[in-house]
Amino acid sequence: MASKKQIKTAIVSHEQAIPINNLKPVHTAKMVHAKVLHSWKQNIQLGGETMEFVLVDENGHKIHATCKK
């Protein structure tokens, strides 16, 4: 659960958020407001366990994201 300070920070910095379709691989510190449409765990023999996500932003642009456990 997010604390009040974290929620306030996210609301205040809303102007700095960019759409998912404007992200580039070199962007490492950009803020995106997104909703998780679908998530699942995947176990790859060589890579180990990962979490997979389908995210959508406020404009309806979708992206697939992977996070290693």
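Quantities reported herein were computed from a predicted structural model and do not represent experimental measurements.

I tried to follow the side chain of T50 on my own but got confused; where do I start?
Structurally, T50 is set in strand β2 (residues 48-57). When its relative accessible area of 5% is taken as the criterion, T50 is described as buried. For T50, the side chain forms a polar contact with the side chain of E52, separated by 3.0 Å. Apart from residues lying up to four places away in sequence, T50 is in contact with W40, K41, Q42, T66, C67, K68 and K69.

Help me understand the environment of V36, please; the structure alone is not making it clear to me.
Within the secondary structure layout, V36 lies in strand β1 (residues 34-44). Take V36: its relative accessible area is 46%, and that puts it in the partly exposed class. Taking C-alpha positions, V36 is 6.0 Å from V54, a pair spaced 18 residues apart along the chain.

Explain the side chain of E52 here, please?
Locating E52 in the fold gives a position in strand β2. Nearest to the buried, unbridged E52 among oppositely charged side chains is K68, at 10 Å. A distance of 2.7 Å separates polar atoms of two side chains, one belonging to E52 and the other to H64. Engagement of the side chain of E52 in a polar contact is seen with the side chain of T66, the distance being 3.0 Å. If near-sequence neighbours (up to four positions away) are discounted, E52 is found in contact with H38, S39, W40, Q42, H64, A65 and T66.

About the criteria used
- Residues numbered from 1 in each chain as written.
- Predicted model: local features only at pLDDT ≥ 70, side-chain atom pairs only at ≥ 80, totals over all residues.
- Heavy atoms only, no water.
- Helix = DSSP H or I, 4+ residues; strand = E, 2+ residues; numbered from the N terminus.
- Buried < 20%, exposed > 50% of the residue type's maximum accessible area, 1.4 Å probe, protein only.
- Polar contact = N/O pair within 3.5 Å; in protein donor to acceptor, adjacent residues only side chain to side chain.
- Contact = heavy atoms within 4.5 Å.
- Lys, Arg positive; Asp, Glu negative; His and termini not counted.
- Salt bridge = Lys/Arg side-chain N within 4 Å of Asp/Glu carboxyl O.

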